[in-house]
Amino acid sequence: MPPLRIAVIGHVEWVTFASAPFVPRAGEIVHLAEPFEQPGGGGAVSAAALARLGADVTLFTALATDVPARESLEALGVRVVAASRPAPQTRVLALIDPAGERTLFVVGENAHPTADDPLPWDELDGMDGAYFTGRDPRTLALARRARVLVVTARRFGSLAASGVHADALVGSAGDPGEQFDLADLSNQPGHVIVTDGAAGGTGYTAAPPPGPEVDTYGAGDAFVAGVTFGLAAGWDMPSALAFAAESAAEWLTFRGAIPAA
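Residues numbered from 1 in each chain as written. Predicted model: local features only at pLDDT ≥ 70, side-chain atom pairs only at ≥ 80, totals over all residues. Heavy atoms only, no water.

## A few points about the packing of helix H1 (residues 42-52) against helix H5 (residues 219-232)
(1) Moving on: Closest axis-to-axis distance for the H1/H5 pair is 8 Å, and the angle between their directions is 50°. The angle between H1 and H5 falls in the class oblique. Both H1 and H5 take part in a crossing whose hand is right-handed. Together, Gly42, Val45, Ser46, Ala49 and Leu50 of H1 and Asp221, Ala222, Ala225 and Phe229 of H5 make up the contact between the two elements.
(2) Moving on: Class assignment for the residues of the contact of H1 with H5 results in 6 nonpolar, 2 polar and 1 charged. (Axes fitted to C-alpha atoms, helices over the stretch in contact; angles between N-to-C directions. Helix = DSSP H or I, 4+ residues; strand = E, 2+ residues; numbered from the N terminus. Parallel < 35°, antiparallel > 145°, perpendicular 65-115°, else oblique. Left-handed = near helix turned anticlockwise from the far one by under 90°. Contact = heavy atoms within 4.5 Å. Nonpolar A, V, L, I, M, F, W, Y, C, P; charged D, E, K, R; others polar.)

## Brief notes about the packing of aromatic side chains
(1) Moving on: Within the structure shown, the criterion is met by 9 aromatic pairs.
(2) Moving on: Pairing phenylalanine 60 with tryptophan 121 gives two aromatic rings, centres 5.0 Å apart and planes at 15°, and the pair type is stacked. One end of the pair, phenylalanine 60, is in strand S4 (residues 56-63); the other, tryptophan 121, is in the loop between strand S7 (102-107) and strand S8 (129-133), with 61 residues separating them in the sequence. Pair check on accessibility: phenylalanine 60 and tryptophan 121 agree, each one buried.
(3) Moving on: Seen from their ring centres, phenylalanine 156 and phenylalanine 180 are 5.5 Å apart, and the 25° between their planes marks the pair as stacked. One end of the pair, phenylalanine 156, is in helix H4 (residues 156-162); the other, phenylalanine 180, is in the loop between strand S10 (168-172) and strand S11 (191-195), and 24 residues separate them in sequence.
(4) Moving on: Residue classification places phenylalanine 156 among the buried positions, given a relative accessible area of 8%. (Phe/Tyr/Trp six-rings, centres within 6.5 Å; stacked < 30°, edge-to-face > 60°. Buried < 20%, exposed > 50% of the residue type's maximum accessible area, 1.4 Å probe, protein only.)

## Observations regarding the pattern of salt bridges
(1) Moving on: According to the stated counting rule, one finds 15 salt bridges in the structure shown.
(2) Moving on: Linking arginine 85 and aspartate 117 is a salt bridge whose minimum nitrogen-to-oxygen distance equals 2.8 Å. With arginine 85 in the loop between strand S5 (79-84) and strand S6 (91-96) and aspartate 117 in the loop between S7 and S8, the pair connects residues that are 32 residues apart, well separated along the chain.
(3) Moving on: A single salt-bridge network, built from bridges that share partners, covers Asp116, Asp136 and Arg138. (Salt bridge = Lys/Arg side-chain N within 4 Å of Asp/Glu carboxyl O.)

## Some points on the packing of H5 against helix H6 (residues 237-251)
(1) Moving on: H6 packs onto H5 with a crossing angle of 150° between their chain directions and a minimal axis gap of 7 Å. As H5 packs across H6, the resulting crossing turns out to be right-handed. Of H6, the residues touching H5 (which contributes Ala219, Ala222, Phe223, Gly226, Val227, Phe229, Gly230 and Leu231) are Met237, Ala240, Leu241, Phe243, Ala244, Ala245, Ser247, Ala248 and Trp251.
(2) Moving on: Residue classes in the contact of H5 with H6 are distributed as 14 nonpolar, 3 polar and no charged.

Next up, the structure:
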């Protein structure tokens, strides 16, 4: 059987990860250890997670030329189709505290692809699934051409503006940027999934990590990648959620945004 063909529409950040003994308060100084750089952001991490799960992934994004994000993602098996942007890529400083929790400092606005960018949007017609973490509502409407469409609650405004039907809307209970009111949607999603870290979430129980927990960065993106993969494969929702929980748990054992190539 050929691999599932899944699209991800979203942004890429260039992230510097470093260990921090504590997250500083105003006026404090913290010395960071073991820094390294990787592509991150919702588009990059979910695409990398889908590739790790065995999907044939195409990431529709926007990239500058000042960082090797494309090369890093392609080394993981992600096909990257990117609109060119003249501004520097969005930078992020990710502090990982001793408990493995991350605190992010984002520098600059995220660059997202738009429907006006000359990307191969027609390929979405034949996709088994699509995950939307972009911004342009028109690209969300294009993503609806895929058989299955999953949308992050972080882009709830884009979903409302697009008027399209999402097969699943996934958001975090604890993330202020992922709160929503379904009354704002003219077209209700097929499923609404709210995650709550180690406490599990809507319709599923959190899975134990298969190794020592290193940091939490990307676990949510890995979860939604698992949901997208499972629904694109034709599984029922309980099976997709259980699979997604295992994907998220594995991501907790990686240091940084993505596993080593």
